[in-house]
Amino acid sequence: MPHDIDAARPPRWLASAGGAAMFVAPLLALVLIWAIAVPLFGINPRVFPSVAAVGGAAMESIRDGTLIEHIGASLLRVGLGTLIGVVTAVPLGIAMGVSPAVSTFLTPLFRFFSVLAGIAWIPIATLWFGYGFGAIIFVIFNAVFFVVTYNTLLGVSTIPMPLRNAAASLGAGRWALLTEVLLPGALPNIVTGIRTGLGFAWRGLIAAEMIATNVGLGYMLFVARDFYRTEVIILGMIVIGAIWLLIDRLLLVPLERSTIERWGMVRRA
Amino acid sequence: MKTLELRNLKKTYFDPYAGSHVTAVHDVSLEVQQGDFVSVVGPSGCGKTTILNMVAGFIPHSGGEILLNGKAINGPGPERGVVFQSFALFPWKTVLDNVGFGPKMRGVPKAERDRIAHEYLALAGLSHAASRYPNELSGGMQQRVGVVRALANHPEVLLMDEPFASVDAQTRMTLQEELTRIWQERRPTVIFITHDVAEAVFLANRVVVLSKGRVLDQIEVALPRPRVWDDLIEDETFKRLSAQVLHMVRSA
Ligand SMILES: Nc1ncnc2c1ncn2[C@@H]1O[C@H](COP(=O)(O)OP(=O)(O)OP(=O)(O)O)[C@@H](O)[C@H]1O
Ligand SMILES: [Mg+2]
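Residues numbered from 1 in each chain as written. Chains lettered and ligands numbered in written order. Predicted model: local features only at pLDDT ≥ 70, side-chain atom pairs only at ≥ 80, totals over all residues. Heavy atoms only, no water.

Engineer: Please clarify how the site of ligand 1 should be interpreted in this entry.
Structural biologist: All names here are of chain B. Near ligand 1, the surroundings consist of Tyr-13, Ala-24, Ser-44, Gly-45, Cys-46, Gly-47, Lys-48, Thr-49, Thr-50, Glu-162 and His-195. A distance of 2.5 Å separates an oxygen atom of ligand 1 from a polar atom in the side chain of Ser-44. Backbone polar atom of Cys-46 to an oxygen atom of ligand 1: 3.3 Å apart, as the coordinates give it. The fraction of the free accessible surface of ligand 1 (640 Å²) that becomes covered by protein chains is 62%. When residues of the shell around ligand 1 are assigned to their parent elements, the largest contribution, three residues, is made by helix α1 (residues 48–56). Taken together, the residues of the shell around ligand 1 break down into three nonpolar, six polar and two charged. (Near = heavy atom within 4 Å. Polar contact = N/O pair within 3.5 Å; in protein donor to acceptor, adjacent residues only side chain to side chain. Areas by Shrake-Rupley, 256 points an atom, 1.4 Å probe, with all protein chains shown as cover. Helix = DSSP H or I, 4+ residues; strand = E, 2+ residues; numbered from the N terminus. Nonpolar A, V, L, I, M, F, W, Y, C, P; charged D, E, K, R; others polar.)

Engineer: How should I be thinking about the pattern of salt bridges in this particular structure?
Structural biologist: Close approach of charged atoms allows side chains of opposite charge to pair. Residues and elements named next belong to chain B. Going through the model one piece at a time under the given rule, you end up with 21 salt bridges over all chains. For the salt bridge of Arg-80 with Glu-79, the shortest nitrogen-to-oxygen distance reads 2.7 Å. Notably, a salt bridge pairs Lys-110 with Asp-114, separated by 3.3 Å at the nearest N-O pair. With Lys-110 and Asp-114 both in helix α4 (residues 110–123) and four residues apart, this pair spans about one turn of that helix. What makes Asp-114 buried here is its relative accessible area of 18%. Among the ionic contacts, a cluster of salt bridges with common partners joins Glu-112, Arg-115, Glu-119 and Arg-186. (Salt bridge = Lys/Arg side-chain N within 4 Å of Asp/Glu carboxyl O. Buried < 20%, exposed > 50% of the residue type's maximum accessible area, 1.4 Å probe, protein only.)

Engineer: Just checking my understanding: could you explain unusual backbone geometry for this structure?
Structural biologist: Backbone geometry follows two general trends: most residues other than glycine have a negative phi, and most peptide bonds adopt the trans configuration. Residues and elements named next belong to chain B. For the bond from Arg-225 to Pro-226, the omega torsion is 0°, close enough to zero to count as cis. Assignment of secondary structure puts Pro-226 in the loop between β10 (214–220) and α8 (229–232). If you check the backbone angles, His-154 has positive phi at about 45° while not being a glycine. The backbone phi angle of Lys-212 is positive, close to 45°, even though this residue is not glycine. Secondary-structure assignment places Lys-212 in the loop between β9 (206–211) and β10. Judged by relative accessible area, Lys-212 falls into the exposed class, the value being 59%.

Engineer: How do you make sense of the environment of Val-95 of chain B when you look at a structure like this?
Structural biologist: Residues and elements named next belong to chain B. Note on placement: Val-95 falls in helix α2 (residues 95–99). What makes Val-95 buried here is its relative accessible area of 0%. The contacts of Val-95, once residues within four sequence positions are left out, are Leu-121, Ala-129, Ala-130, Arg-132, Leu-137 and Val-145. (Contact = heavy atoms within 4.5 Å.)

Engineer: What should I look at first to understand the interface of chain A and chain B in this one?
Structural biologist: By a widespread convention, an interface's size corresponds to the accessible area lost as its parts come together. With 20 residues of chain A in contact, the opposing surface of chain B contributes 24 residues. A buried area of about 1,900 Å², summed over both sides, lies between chain A and chain B, and 67% of it is on carbon and sulfur atoms. Along the contact surface separating chain A from chain B lie two salt bridges. Linking Glu-180 of chain A and Lys-104 of chain B is a salt bridge whose minimum nitrogen-to-oxygen distance equals 2.8 Å. One can count four residue pairs in polar contact (both at pLDDT 80 or more) joining chain A with chain B. Listed by contribution, the elements that provide at least two residues to the side of chain A that touches chain B are α7 (161–169) and α8 (174–212) of chain A. (Buried area = accessible area lost by both parts, 1.4 Å probe.)

Now the structure itself:
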């Protein structure tokens with residue numbers, strides 16, 4: 001969109017490079033402290049590994065392909081579980097949000113389940129689905145499902161009445177009201193729900209993989225522990241955090257920017 | 001030809017907190033001819049918005065009848081366009097798509113409804129803003145979009161509830177002049193609700209004064225058109241009619 005007043009600002013690529021640098025700097029500072037502290041205090045590698053050891057573990061697991069295999073397995077599970085969760089939660093949330101009575105009735109229920117979402121379901125999921133893919137997908141699904149449903153419900157019930165009235169008096173029927181007003185109107189909350197849900201899902205995934213599978217980042221951590229491979233454990237933790245940051249920066253933030261921020265429905269962060 | 005007819009219209013709200021009933025509209029009868037422009041004024045709380053919401057079909061009425069071309073209305077419908085005080089533009093649609101929304105609901109293909117929307121935006125001097133989002137416009141521009149969005153759907157009746165109340169005085173006068181010009185060009189039937197007595201007289205062929213849920217009086221406004229503020233502000237008839245309506249509203 002053309003903005004004359006933006007002429008004074010630095011060009012976009014420079015601004016975003018600057019933003020990225022600001023974002024990475026604290027992380028680099030942490031690595032620096034780590035690199036200094038381990039040799040300085042002579043920390044036993046069984047307690048905490050050196051930067052070099054973790055780097056070495058990274059090189060090794062990249063070379064033999066195991067890291068990619070673990071990451072791939074974890075991402076596939078999160079992706080699939082999240083997809084199923086969002087695809088079922090959004091229509092349900094909208095359907096429930098249309099009626100104020102129904103949404104008032106169900107809100108406490110969904111709040112209750114949103115806080116339980118994910119990890120707390122692992123024991124029962126393994127009883128229902130056995131150890132493996134099914135149990136993990138279920139845990140991810142429900143981490144996402146309750147939070148997204150609840151937020152969608154909230155989103156629909158906060159759409160200003162005049163917007164619905166405007167649509168109706170312009171000839172919108174039930175279906176058009178749903179696709180043209182309720183869905184986009186609830187989008188800010190849906191995005192919040194997906195963000196929170198994905199956070200739960202990612203944590204739930206790692207936990208579930210520790211007990212219910214033989215591949216994935218959680219499994220990688222868990223096995224490394226048995227062999228006192230602290231450098232592999234730390235590598236796994238770094239990868240888990242880094243992937244989350246990437247999902248957030250490359251997927252969720254641009255999604256928000258091109259939709260709800262552009263429409264002025266949330267303040268620019 | 002009668003377009004819109006309200007017969008002994010009544011509305012009673014139930015207040016769940018007080019546990020009691022409030023009658024906002026007692027007994028209102030009103031006839032509006034096709035192509036007419038009627039303003040409704042009255043003190044705060046006299047039931048103006050309630051009447052408009054019933055005619056729009058947003059809320060049910062408790063008694064009486066609302067007839068459009070002799071047929072009772074049933075819920076909201078595209079033959080009754082509404083311009084909201086809060087603008088009520090869809091934030092997720094561009095100005096062009098907001099204006100094209102009514103035609104889209106009628107099943108008009110994309111190219112044709114874009115043509116219609118461009119035509120109406122030109123009518124309001126907004127062609128340059130077609131691809132912007134509502135949050136990027138000033139209040140006055142947003143309300144222009146609100147007006148042409150309703151018009152682009154060719155409603156038989158245009159219902160307006162204090163549409164210009166939240167814009168500054170300067171912009172309001174411009175919008176009022178634009179509205180009379182557009183009305184003369186397109187001749188929709190208009191019911192215009194306002195607090196502002198001068199606005200009511202400036203715009204309408206007839207001013208309906210409400211008081212406590214009843215029609216107090218109706219005053220014909222036989223001022224020549226086109227109406228512009230520069231002419232009317234010093235006009236004796238305009239001043240006399242405005243004073244008359246103001247007096248009535250204050251005693252209401
Ligand atoms: N949803 C509601 N529930 C209960 N009472 C209501 C409701 N809406 C309006 N009322 C009452 O009905 C009366 C008329 O309200 P209405 O909004 O129609 O007035 P108005 O003439 O539009 O006033 P204003 O000029 O301030 O906009 C008021 O006493 C108001 O308190
Ligand atoms: Mg009102």
